[in-house]
Every structure is written in structure tokens, then in C-alpha cells.
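# Structural overview for review
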Amino acid sequence: RELTWRLERALENATVDPLTGLFNRRQFERRLREEAAHARRHRRAFSLVMLDLDHFKAINDTYGHEDGDRVLSHVAGILKSTLREDDTAFRYGGEEFILLLRACNAKAARLVTERARVELHQRPVALGGVLKALSFSAGVAAAEEHNEFMTAEIVARADAAMYRAKRGGRNRVEIEEALEAAAQSMAKSAQ
């Protein structure tokens, strides 16, 4: 029993971020490979969302790292509560998080992410005795039928969309440009 318990603890320590309770980057990389194989094998879309807390450095600088840690835990709790059972949230590093959304195209992923963004904004956190609303900027990339379930550079694609959200004013969700262009093209051809 002792050995089993120790093995379980070691596995948890290797795959779970101790601050947020979310899976860590190592576990994300493993799960991404699995999700990519599942999508190709079953011809089912999945989306990857990269999100970054807006102005997090200012929170740490103003209120201290302890409050910054509380903010990260608060965000993790909201992400867990807004995702479906098949979806997984990861702490990617610092104030960056990744969501893997199984059987979810880019359009649906944008809706899921918007729901989390609104929920975060509506549930402020106390910082320095004042309630402060939080926000994030997010980018969505997807492996879908129209792109032949392409997973090459999916993290970089989501990251580029996230930076477009930041440049566009923050507190928003953007879809990768290739998918946005394909959606616009399909809408025009349907007219």
C-alpha cells in the first residue's frame, strides 16, 4: 500500500501544477499527442485555446506574489467550472493556460472560451481590500476536417491568435487567421 501510495503521489507531482491543481505543461504535451491521434483516427475535430491573463505583471507588482498566486488559483477554478467533462485545462507557464477541447470545432471553442472569459470578469477577486475584475486574451486553433485535422504547430497557431487578441485591445478571444478566412469564404459562398 505504501509503495502504491508513493507511486501515485510521484505521478501526481509529475503531472499536476501544485498551485492551481491543473495539469502541467508536461502532461499537456502528452495529452496533445493523444488528442491529435484521436482526432485523426476518429475524424473528430478538437480545439486548442491558449489564454494569457491581462496585466498580470501589474497585479504581482502592485499586490505581491501571494495575491498573484491567489489570482492564478481563482482563474484555474473558473476554468474547471466552465469546461465540459471531456475538456482539460492546463497551466502552461506563468500566467498562461491552455485548454484542450475534445470534439469541438473552432467556432464552438470560441463560445466556450467566451463563456469562461465572461465568468472570470463577473467573479472578481479581492486584491488589496478591493474587488478587482480580471480578464484574459485568448487564441483558438483547431484541427478540423477542412484542414485535414492538421495539428502541426497548433500551439504556435493558437499563440499567434492570442497575441492578435492582445493587440486588438485585450479581454477578447480570436480564432487563428486561417480558420477565420475559411469561415468567411464559406459564408460568402453560401450567399
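As a starting point, this report considers the structure included with it. In this numbering scheme, every chain counts its residues from 1 along its sequence in written order. The predicted nature of this model means local features are confined to residues of pLDDT at least 70 and side-chain atom pairs, given and counted, to a pLDDT of 80 or more, with totals for whole chains, interfaces and linings taken over all residues. Water and hydrogen atoms were dropped before computing side-chain values, which therefore reflect all heavy atoms in the structure.

This paragraph deals with the nonpolar core. Inside soluble globular proteins, nonpolar side chains tend to come together where they are buried. Counting residues in each nonpolar core, the largest one holds 32 residues, and the members touching the most others are Leu53, Val71, Val75, Leu79, Phe97, Leu99 and Leu101. Counting from the N terminus, the helices are DSSP H or I runs at least four residues long and the strands are E runs at least two residues long. Counting residues per element, the ones that place at least two in this core are strand 1 (46-53), helix 3 (56-63), helix 4 (65-82), strand 3 (96-102), helix 5 (106-122), strand 4 (125-127), strand 6 (136-143) and strand 7 (173-175). Here this core takes 6 residues from helix 4, the largest share from any one element. If sequence neighbours within four positions are ignored, Leu101 has contacts with Phe46, Ser47, Val49, Leu83, Arg84, Asp87, Ala109 and Val112. Counting residues in each nonpolar core, the second largest holds 17 residues, with Leu32, Leu48, Leu100 and Ala158 among its members. What is meant by a nonpolar core is a set of buried Ala, Val, Leu, Ile, Met, Phe, Trp, Tyr and Cys residues, joined one to another through side-chain atoms within 4.5 Å. Categorising residues by exposure relies on relative accessible area from a 1.4 Å probe, with only protein chains included: less than 20% of the type maximum marks a residue as buried, more than 50% marks it as exposed, and the intermediate range marks it as partly exposed. A contact between two residues is defined here by any heavy atoms of the two lying within 4.5 Å.

Let's shift gears to helix 6 (residues 154-167). Between the first and last C-alpha of helix 6 there are 20 Å, a value that for 14 residues agrees with the 20 Å anticipated at 1.5 Å per step. Listed as buried for helix 6 are Ile154, Val155, Arg157, Ala158, Ala161, Met162, Arg164, Ala165 and Lys166. Looking one or two places after helix 6, you find Gly169, whose phi comes out positive at around 120 degrees. Between the first and last residue of a helix there are one fewer steps than residues, each counted as 1.5 Å, and that sum is the expected span.

This part takes up helix 3. In an α-helix, one turn spans 3.6 residues; hence positions three or four apart end up facing the same way. Listing the buried residues of helix 3 in full gives Phe56, Ile59 and Asn60. Looking down the long axis of helix 3, one finds its buried residues gathered within 95 degrees of arc, a one-sided arrangement. Every exposed residue of helix 3 that faces more than 90 degrees away from the buried side is listed here: Lys57, Asp61 and Thr62. Against the buried residues of helix 3 lie strand 1, helix 4, strand 4 and strand 5 (130-132). Just downstream of helix 3, Gly64 is the residue with a positive phi angle, here 100 degrees. Here the arc refers to the set of directions running from the helix axis out to each C-beta atom.

Once that is clear, we can look at unusual backbone geometry. Unusually for a residue other than glycine, Glu148 sits at a positive phi of about 55 degrees. Within the secondary structure, Glu148 is located in the loop between strand 6 and helix 6. The backbone of Asn171 shows a phi angle near 55 degrees, a positive value even though the residue is not glycine. With respect to the secondary-structure elements, Asn171 resides in the loop between helix 6 and strand 7.

Mapped onto the elements of the fold, Glu35 is located in helix 2 (residues 25-42). Discounting chain neighbours no more than four positions away, the residues touching Glu35 are Phe46 and Arg102.

This part is about the environment of Ala109. Position of Ala109 relative to the elements: it lies in helix 5. When the C-alpha atoms of Ala109 and Gly139 are compared, they prove to be 9.8 Å apart, with 30 residues separating the residues in sequence. With residues near it in sequence (within four places) discarded, Ala109 still touches Ser47, Val49, Leu101, Cys104 and Val140.

Once that is clear, we can look at the packing of aromatic side chains. Only centres within 6.5 Å qualify two rings of Phe, Tyr or Trp (six-membered ring in Trp) as a pair; their planes then separate them into stacked at under 30 degrees, edge-to-face at over 60, and tilted for everything else. Taken as a whole, this structure holds 3 aromatic pairs when the rule is applied. Look at Phe23 and Phe90: their rings are 6.0 Å apart centre to centre, the planes differ by 40 degrees, and that puts the pair in the tilted class. Here Phe90 lies in strand 2 (residues 88-93) and Phe23 lies in the loop between helix 1 (2-15) and helix 2, a separation of 67 residues in the sequence. Summarising the aromatic geometry, the rings of Phe28 and Tyr92 are spaced 5.8 Å apart at their centres and angled 85 degrees between planes, so their arrangement reads as edge-to-face. Here the residue Phe28 occupies a position in helix 2, and Tyr92 occupies one in strand 2, the gap between them amounting to 64 residues. The exposure class assigned to Phe28 is buried, which follows from its relative accessible area of 1%. Accessibility expressed as a relative area gives 14% for Tyr92, which makes it buried. By way of ring pairs, the aromatic residues Phe23, Phe28, Phe90 and Tyr92 are connected into one cluster. Our definition puts a charge over a ring when NZ of Lys or CZ of Arg is within 6 Å of the ring centre and also within 35 degrees of the ring normal. In this structure, Arg25 packs its charged tip against the face of Tyr92, placed 4.0 Å from the ring centre.

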